Amino acid sequence: MRNTHPIAYVLILPFYVFLFFFILVPIGMNIFLSFTNYDLIQWEYVGWKNYRYLFQDSHFHLSLRNTSIYAFFTVGFSMVLGLGAALLLKGNPPGIKVFRVSFYIPYIASMVAVSMIWLWIYDPLDGIANKILNLFGVPSKQWLYDSRYALSCIIVMSVWKVLGYNMIVFLTGLQAIPTYLYEAATIDGATSFQKFLKITLPMLQPITFFLFVTGVINSFKVFEQVAILTAGGPSNATTTVVHQIYNRAFNEFSMGYAASMSITLLLLIAIITLVNYRYGNQGADLEIG
Amino acid sequence: MKGRILLIVLLVSIFEAGLVGAGGKQEKPAEKKEPVKISFWIPGSDKASEDYFFEAAKEFSSRTPSIQVEVTILPPAAPDINTKLNAAKLSNTYPDVFSSFIVFIGARGIRGEFADLSPFIENWADKDDFYPSSFELGKYKGKIYGISYFPAPEILVYRKDFFREAGLDPEKPPRNWEELEAYALKLVKRDANGNVIRAGLDVPAINPEVFIKPFLWQNGAAVLDEEKELPTLDDPKALEAFQYVKRLIDAKISIPYDYQKKSDIPFIKGNAAMSFIMASTITSTLKSNPSLREIIGFAPPIERRKKVPFTGHRLFTIGATSKYKNEAWEFIQFMLSKEQMLKRSRLLDMPIVRKSLEQEYYKDGDAEFKKVVVEYSKLGKSAEVTTVTAISNKYLSDAYQAVYSGKSSPEQALKDAQEGILKDIKK
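1. Considerations on the overall build of chain B
Of the regular secondary structure elements, chain B holds 17 helices and 13 strands. What you see for chain B is a C-alpha radius of gyration of 28 Å, clearly larger than the 22 Å of a compact globule of 427 residues, by over 25%. With the C-alpha coordinates of chain B rotated into their principal frame, the extents come out at 120 × 55 × 40 Å. Put simply, chain B has 427 residues, and 54% of those count as buried. Across chain B, the fraction of contacts at a sequence separation of at least 24, relative to all contacts at a separation of at least 6, is 74%. Taking the 62 positively charged and 58 negatively charged side chains of chain B as two groups, their mean positions are separated by 2 Å.

See the structure below:
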């Protein structure tokens, strides 16, 4: 049996105090509120009523659908493109750092500022997106104001924003792969594509897993870009779960009902993460000798 | 011995005098009361308006040294203000005085966040000088939660130069639904690909509540029965209004935009011939570009069965949890004084709400604009003061956007909205 020095407990205490007061207590309060009709003034216990209404609430159903579509495409595209960018920028030719920084800048920029720029890009009259289309003779689109394109527009913006982060993390992973693996494969006559499939991708599994899990969690929490670019419209085509939680809680003051949505979202994210941990290959079994 | 006694008496006297003197000095700070500090929150608009409120607060504090006013400028949009107020409510830092939009009276005031001002108003000598609507607008079940000091109508503005270009008489703006539609069709300008490059009339795509409601009201319909707090969108007159708006949408006479984003309104950017725009936005646009005054015209309120434009209002309210309600009321009285009201009308073109100022109001500035503002304000209707306004607005917006995007017919959209509101209220 290992002896743990008491000072170790003292050192980790601040973290657990923070965890308790700022994470566990709010989650506990949220669970409690989800069984009430709290409206910032008074509350009454309502049992499972809020959860039952979730099954009838068409706005919530739409928001779940939109959030899932958003998460699927944002995570998928940002990972594939992030890996592509990392492979392109992995070498060390002169000026490469400029490109790396350029890709990374959107990630550190404020979402509000970025959204304002994309509002201009998507402007139906003066936006650069339509100007480019018009150059090729394609008629202008209404982008954010057309329910067929609005969610895609938000996905494109989000992929652009997170791409640099994924690229940097993949780049770190690529640089950590021992070069002798590639040298051995070259001697064995492997093509570049075979090396990518048999060495690069398997060696990047832990990083891919990390980016996938964090990407899904972040995508399910999408809110700012929706609030700024479309306010959930047109025709609820871009409303997301967190956008619905915000509207119910802070515009309609249905705090209890919003709490039930939050708990549902928490469970959903927890299930997705657990399934990933259970069945996703984290690359823990990789041996690089 | 005598000398010693005298010396002792003298020393004791000096000591006592010192004590009395010191006591007197100690009492002085107790007499000098610390000034009371009250907080005043106001939604932001333009710089001139924000400067005025800072100056007014300073002036009040210099005249009434016992009350210091701390001004906080809030974000201009209602959802952001809601966030600030929620945080203030939960952290017990609610403002003493808040310049509220009318929509907050229903959403927050009647839910116990604003104090009932009736006891203050009852004993107020000036109350009879105000238009009755100033008190009626903030009234709910006999209690007055706010006093309107700033009617903010949505005025139909038009470009005279574009009218001339389209062969229309710039002195004859549209007066009814038929003319509005016909003029918009004549005024729209498209490029070779058929894209609208100049809207005939601004028809919003997102956040359309303030745009659509007047069409319902003008046709004798309403979103809610305010007494019963129940939806009334199953009224055939509401359907007729929606069908009319669908015709405007289908005619493709506009460039889509978000009605809440004032800086993105195509008319403001010079990309529309007609638009419904808030009076204060017109004022700030004309201030930043005075040359526009010659080419911008103001139409009278549009008529169908009735002439009912949308008129938003700003109201002075007192936070229900304020410890300084009397001081807050003193500040509100100062802000509603004739002097301050005239100052606002001169500096910011804010309409007056006191009967005795009518003559003075028209003396300076843009008389034509002022007359239009007053006409719109008198005929205008505001957001419904009910506990279910936020919910009904959501479903009204859904119905409009479903029609706008072609997903639903007006009949289906209104049916869905009516059922949705009822279901949501019962939740």
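2. Considerations on the pattern of salt bridges
Under the criterion given, the structure shown has 35 salt bridges over all chains. A salt bridge links A:Asp123 to B:Lys269; the nearest nitrogen and oxygen atoms lie 3.2 Å apart. Of this pair, A:Asp123 sits in the loop between α5 (111-121) and α6 (128-135) while B:Lys269 sits in the loop between α10 (236-250) and β11 (274-278), which puts the two residues in different chains. B:Lys58 serves as the salt-bridge partner of B:Glu55, at 3.6 Å between the closest nitrogen and oxygen. Placement of the pair is B:Glu55 and B:Lys58 together in helix α2 (residues 47-63), with a separation of three residues, close to one helical turn. Residue classification places B:Glu55 among the partly exposed residues on the basis of a relative accessible area of 45%.

3. A short note on unusual backbone geometry
Leaving glycine out, the prevailing phi sign among residues is negative, and the prevailing peptide bond configuration is trans. All names here are of chain A. Omega for the bond connecting glycine 233 with proline 234 falls within 30 degrees of zero, at -10 degrees, which places this linkage in the cis form. Along the chain, the position of proline 234 falls in the loop between α11 (224-229) and α12 (241-251). Its identity as a non-glycine residue notwithstanding, alanine 231 has a phi of 55 degrees, on the positive side. On the secondary structure map, alanine 231 appears in the loop between α11 and α12. Of note, phenylalanine 253 is a non-glycine position whose phi angle comes to about 60 degrees, a positive value.

4. Details of the pairing of strand β1 (residues 36-43) of chain B
Residue and element names in this part refer to chain B. With seven of its eight residues buried, β1 lies for the most part within the structure. The sheet contact formed by β1 and strand β2 (residues 67-74) spans eight bridges and is parallel. Paired with tryptophan 41 across the strands is threonine 72, a residue of β2. After leaving β1, the chain enters α2 and then returns to the sheet as β2, a path that is right-handed. Of the pairings in the sheet, the one linking β1 to strand β3 (residues 97-101) comprises two bridges and is parallel in character. The residue of β3 that forms the bridge with tryptophan 41 is phenylalanine 98.

5. Structural notes on the nonpolar core
Counting 120 residues, the largest nonpolar core has B:Ile155, B:Leu201 and B:Met274 as its most contacted members. Both domain 1 (36-152 + 312-379) and domain 2 (154-310 + 386-426) of chain B contribute no fewer than three residues apiece to this core. Residues A:Ile177, A:Tyr182, A:Ala185 and A:Leu204 belong to the second largest nonpolar core, which totals 43 residues.

6. Some points on the interface of chain B and chain A
Across the contact, 37 residues belong to chain B and 36 residues belong to chain A. Taken over both partners, the interface formed by chain B and chain A buries close to 3,100 Å², and the fraction arising from carbon and sulfur atoms is 52%. Run the count over chain B and chain A and you get four salt bridges. One salt bridge in this structure joins A:Asp39 and B:Arg111, with 3.9 Å as the shortest N-O distance. Taken together, chain B and chain A are joined by 14 residue pairs in polar contact (both at pLDDT 80 or more). Listing elements by their share of the side of chain B that touches chain A, those giving two or more residues are α3 (78-90), β8 (196-198), α16 (389-404) and α17 (410-426) of chain B. Broken down by element, the side of chain B that touches chain A gets its largest block of residues, eight residues, from α16(B). When the residues that make up the side of chain B that touches chain A are grouped by side-chain class, the tally is 15 nonpolar, nine polar and 13 charged.

7. Quick look at the packing of aromatic side chains
All names here are of chain B. Scanning the entire structure with this criterion turns up 49 aromatic pairs over all chains. For the pair phenylalanine 98 and phenylalanine 114, a centre-to-centre distance of 6.0 Å together with 55 degrees between the ring planes defines the contact as tilted. Separated by 16 residues along the polypeptide, phenylalanine 98 in strand β3 and phenylalanine 114 in the loop between α4 (102-107) and α5 (118-122) bring together distant segments of the chain. For the pair phenylalanine 98 and phenylalanine 114, one class covers both residues: buried. Pairwise contacts between aromatic rings join Phe40, Tyr52, Phe53, Phe60, Tyr149, Phe150, Phe316, Phe331 and Phe334 into one cluster.

8. Some remarks on the packing of helix α3 (residues 58-88) of chain A against helix α7 (residues 150-176) of chain A
Axis angle and axis distance: for two packed helices, these are the angle between their axes and the distance between the axes, and together they describe the pair. Residues and elements named next belong to chain A. Interaxial distance between α3 and α7 falls to 6 Å at its minimum, and their mutual angle equals 40 degrees. Judged by the inter-axis angle, α3 sits oblique to α7. When you trace α3 past α7, the crossing you get is right-handed. Considering only residue class, the contact of α3 with α7 consists of 20 nonpolar, six polar and no charged.

9. Thoughts on α3(A)
The end-to-end C-alpha separation of α3(A) is 44 Å, in line with the 45 Å expected for 31 residues at 1.5 Å each. Measuring from the backbone nitrogen of A:His59 back to the side-chain oxygen at the start of α3(A) gives 3.0 Å, which picks out A:Asp57 as the cap.

10. Some words on the side chain of A:Ser260
All names here are of chain A. Structurally, serine 260 is set in helix α13 (residues 255-279). When its relative accessible area of 0% is taken as the criterion, serine 260 is described as buried. Every residue in contact with serine 260, bar those within four places of it in the chain, is listed here: Ser34, Asn50, Tyr51 and Leu54.

11. So, the environment of B:Gln218
All names here are of chain B. Residue position: glutamine 218 is located in helix α9 (residues 209-218). Among the residues examined, glutamine 218 registers a relative accessible area of 3% and is labelled buried. Remark: the alpha-carbon pair of glutamine 218 and tryptophan 177, spanning 41 residues in sequence, is separated by 9.5 Å. The contacts of glutamine 218, once residues within four sequence positions are left out, are Trp177, Ile302, Arg304, Arg305, Lys306 and Val308.

12. Topic: the confidence of the model for chain B
Per-chain confidence: chain B averages 89 in pLDDT, with 93% of residues scoring 70 or above. Of the regions scoring below 50 in pLDDT, residues 14-28 of chain B engages in zero contacts with residues more than four places distant in sequence or in other chains.

13. A short note on the pairing of strand β6 (residues 147-159) of chain B
Put simply, side chains in a regular strand alternate between the two faces of the sheet. Residue and element names in this part refer to chain B. The element β6 is largely enclosed, with a buried count of 13 among its 13 residues. Examined bridge by bridge, β6 and strand β13 (residues 311-318) share six bridges and lie antiparallel to one another. Opposite alanine 152, over in β13, you have glycine 312 as the bridge partner. Taken together, the three bridges between β6 and strand β12 (residues 296-298) define a ladder with antiparallel strand orientation. Its bridge partner lying in β12, arginine 159 is registered against isoleucine 296.

Cut-offs used in this document
Position numbers for residues start from 1 in each chain and track the written sequence from start to end. Chains and ligands are labelled by the order in which they are written, letters from A for the one and numbers from 1 for the other. Where totals are concerned, whole chains, interfaces and linings use all residues; where local detail is concerned, this predicted model gives features only for residues with pLDDT of at least 70, and gives and counts side-chain atom pairs only at 80 or more. Excluded from the side-chain calculation are hydrogens and water; included are all heavy atoms of the structure. Put simply, DSSP marks the helices as runs of H or I at least four residues long and the strands as runs of E at least two long, and each gets a number from the N terminus on. In this setup the radius of gyration rests on C-alpha atoms only. A globule is expected at 2.2 Å times the number of residues raised to 0.38. A 1.4 Å probe rolled over the protein chains alone gives each residue an accessible area, and that area as a share of the maximum for its type sets the label: buried under 20%, exposed over 50%, partly exposed in between. The contact criterion used throughout is that any non-hydrogen atoms of two residues lie within 4.5 Å. Within this scheme the basic residues Lys and Arg register as positive and the acidic residues Asp and Glu register as negative, but His and the chain ends are omitted. Here the site of a charge means atom NZ of a Lys, CZ of an Arg, CG of an Asp or CD of a Glu. When a carboxyl oxygen of Asp or Glu lies within 4 Å of a side-chain nitrogen of Lys or Arg, that pair is called a salt bridge. Strands qualify as paired when DSSP identifies two bridges or more between them. Crossover handedness is defined here as right-handed if the route from the first strand over the helix to the second strand goes clockwise, with the strands pointing away from the viewer. Think of a nonpolar core as a cluster: buried Ala, Val, Leu, Ile, Met, Phe, Trp, Tyr and Cys residues, connected wherever their side-chain atoms sit within 4.5 Å. Just so you know, the domain bounds were taken from an automatic or database domain assignment. Once two parts are joined, some of their accessible surface, as seen by a 1.4 Å probe, is lost; buried area is that loss totalled over both. Throughout this description, a polar contact denotes any pair of N or O atoms lying within 3.5 Å of each other; where both atoms belong to protein, one of them has to be capable of donating a hydrogen while the other can accept it, and for residues adjacent in sequence the pair is counted only when both atoms sit in side chains. Asp, Glu, Lys and Arg are counted as charged, while Ala, Val, Leu, Ile, Met, Phe, Trp, Tyr, Cys and Pro are counted as nonpolar; the rest, among them Gly, fall into the polar class. Note on aromatic pairs: the rings of Phe, Tyr and Trp (six-membered ring only in Trp) are paired at centre separations within 6.5 Å, and the planes decide the class, stacked below 30 degrees, edge-to-face beyond 60, tilted for the rest. Each axis is a line fitted through C-alpha atoms, taken for helices only over the stretch in contact, and angles between the N-to-C directions span 0 to 180 degrees. Here roughly perpendicular refers to angles of 65 to 115 degrees, roughly parallel to angles under 35, roughly antiparallel to angles over 145, and oblique to all remaining angles. For a crossing to be left-handed, the near helix must be turned anticlockwise from the far one by less than a right angle; the clockwise case is right-handed. The span expected for a helix works out to 1.5 Å for each residue beyond the first. What pLDDT expresses is the predictor's confidence in each residue, scored from 0 to 100.

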